[in-house]
Amino acid sequence: MNITDNIDNDIKFLAKSEIRLKILGELDKRPNNVRGIVKKTNIAYSSVSSNIGKLESNNYISKVENKYYINPMTQVYFKTLMDFKNSVELVNNYDAFWNKHNLNQLSITSIKRITDLKNSELIETTPIDIYKTHNTIKNQIMDSKNVKAIFPYLHPEYPKLIEGVLKNNGTVELIVPESIFKELIFRVNDDVRRKAVRHKKLNVYRFKNDLNLYLTICDENMSLGLFKNDGSFDQNRVLVANDTKSHNWAQELFNHVKKQVKS
């Protein structure tokens, strides 16, 4: 049996039992004994004891004095399994957002760290509020001092929103398709634009290829929009979040696209 078969068998063994995963989850936090694990998980003593025995006999955990410790490789397997499980749950929870959409411009890191968006919220338009997604992003921009954005298209309100941030002595960094660059820039008040450029408060990067991604990072808030597989932008759905992990996830993606502009 080669090393790949061994890894496959290890992962199958651990993933096959929800009880084993819960036990490992507790031992990943801290070493514990059987009674302590029973108390933490509310799993029957006999089930915990039986699975502890299987884990120990297969060298996934070790007993030192009266407590069980998770072994280093088991810890790697467990974290990999939980990351995968959380990723599947995130995609399933927001199936309408991810399914049948173009994900080509997401970086490998963004995809690997997709669970960083677990605290995000899906905003969708409704028949009585068809501008819900746009207004959500608009309010984020209006209330921000620092804005980074990837705009794949030009909305009539964007120039004024950018102008408002700059008038407030804020900073704006944009990535836009070359096709809308001039129209976007020259709709911003001349004096405001020139002053902002002079003081390095405004930076706009021209993306030569197609942009199939919408992203804003407004102070602590982020929003993500996607294109459908047919090439049209899905204006009816946007994923928003305001926690640190989501913000860092969005920042990494912005930098990933920005590197493509500069290369």
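Scroll up for the structure.
Heads up: these notes are all about the structure in this document. (Residues numbered from 1 in each chain as written. Predicted model: local features only at pLDDT ≥ 70, side-chain atom pairs only at ≥ 80, totals over all residues. Heavy atoms only, no water.)

1. Concerning unusual backbone geometry
A positive phi angle is found at Lys 100, which is not glycine, with a value near 60 degrees. Looking at the secondary structure, you find Lys 100 in the loop between helix H6 (95-98) and strand E3 (101-102). At Asp 219, a residue that is not glycine, the phi angle is positive and equals roughly 50 degrees. Relative to the assigned elements, Asp 219 resides in the loop between strand E8 (213-218) and strand E9 (221-228). Judged by its relative accessible area of 22%, Asp 219 falls in the partly exposed class. (Helix = DSSP H or I, 4+ residues; strand = E, 2+ residues; numbered from the N terminus. Buried < 20%, exposed > 50% of the residue type's maximum accessible area, 1.4 Å probe, protein only.)

2. A word on the packing of aromatic side chains
The final tally for this structure, using the stated rule, is eight aromatic pairs. With a centroid separation of 4.9 Å and an interplanar angle of 85 degrees, the aromatic rings of Phe 97 and Trp 98 are classed as edge-to-face. Grouping residues by exposure puts Phe 97 and Trp 98 together as buried. Following the ring pairs from residue to residue traces out a cluster consisting of Phe 151, Tyr 153, Tyr 158, Tyr 214, Phe 227 and Phe 233. The lysine or arginine in question, Arg 206, covers the ring of Phe 181, its NZ or CZ lying 4.3 Å from the ring centre. (Phe/Tyr/Trp six-rings, centres within 6.5 Å; stacked < 30°, edge-to-face > 60°. Lys NZ or Arg CZ within 6 Å of the ring centre and 35° of its normal.)

3. Notes on helix H10 (residues 178-185)
Residues of H10 that are buried: Ile 180, Phe 181, Leu 184 and Ile 185. Buried residues in H10, looked at end-on, bunch into an arc of 130 degrees, giving them a common side. Set apart from the buried face of H10 by more than 90 degrees, the exposed residues are Ser 179 and Lys 182. Looking at the buried residues of H10, the elements they touch are helix H9 (158-167), strand E6 (171-177), helix H11 (190-198) and strand E7 (202-207). (Arc of directions from axis to C-beta. Contact = heavy atoms within 4.5 Å.)

4. Section: the nonpolar core
With 28 residues, the main nonpolar core has Ile 141, Phe 151, Ile 162, Leu 166, Val 172, Leu 174 and Val 176 as its most contacted residues. Within the residue set of this core, elements represented by two or more residues are helix H8 (132-142), strand E5 (146-150), H9, E6, H10, H11, E8 and strand E10 (237-241). At five residues, H9 tops the list of elements feeding residues into this core. By size, the runner-up hydrophobic cluster in this structure holds 26 residues, among which are Leu 122, Ile 175, Leu 215 and Leu 224. (Core = buried A, V, L, I, M, F, W, Y, C linked by side-chain atoms within 4.5 Å.)

5. Focus on the pattern of salt bridges
One pass over the full model with this rule turns up 13 salt bridges. A salt bridge links Lys 79 to Asp 28; the shortest N-O distance between them is 3.3 Å. Separated by 51 residues along the polypeptide, Lys 79 in helix H5 (residues 72-93) and Asp 28 in helix H2 (residues 18-29) bring together distant segments of the chain. You can call Lys 79 partly exposed: its relative accessible area is 42%. Between Glu 173 and Lys 148 there is a salt bridge, and its shortest N-O distance comes to 3.9 Å. (Salt bridge = Lys/Arg side-chain N within 4 Å of Asp/Glu carboxyl O.)

6. A closer look at H11
Taken together, the buried positions of H11 are occupied by Val 192, Arg 193 and Ala 196. An end-on view of H11 places all buried positions within 95 degrees of arc, on one side of the element. In H11, the exposed positions angled more than 90 degrees off the buried face are occupied by Asp 191, Arg 194, Lys 195 and Arg 198. On its buried face, H11 is in contact with H9, H10 and E7. Two to three positions downstream of the cap, the backbone nitrogen of Asp 191 sits 3.0 Å from a side-chain oxygen, assigning the N-cap of H11 to Asn 189. The positive-phi residue at the C-terminal boundary of H11 is Lys 200, with phi of around 60 degrees. (Polar contact = N/O pair within 3.5 Å; in protein donor to acceptor, adjacent residues only side chain to side chain.)

7. A closer look at the packing of H2 against H5
Their axes nearest at 11 Å, the elements H2 and H5 cross at an angle of 115 degrees. Between H2 and H5 the crossing geometry is left-handed. Each of Glu 18, Leu 21, Leu 24, Gly 25 and Asp 28 in H2 lies in contact with H5, whose residues at this interface are Thr 74, Gln 75, Phe 78, Lys 79, Leu 81 and Lys 85. (Axes fitted to C-alpha atoms, helices over the stretch in contact; angles between N-to-C directions. Left-handed = near helix turned anticlockwise from the far one by under 90°.)

Bear in mind that shape data such as this cannot, by itself, settle questions of function.
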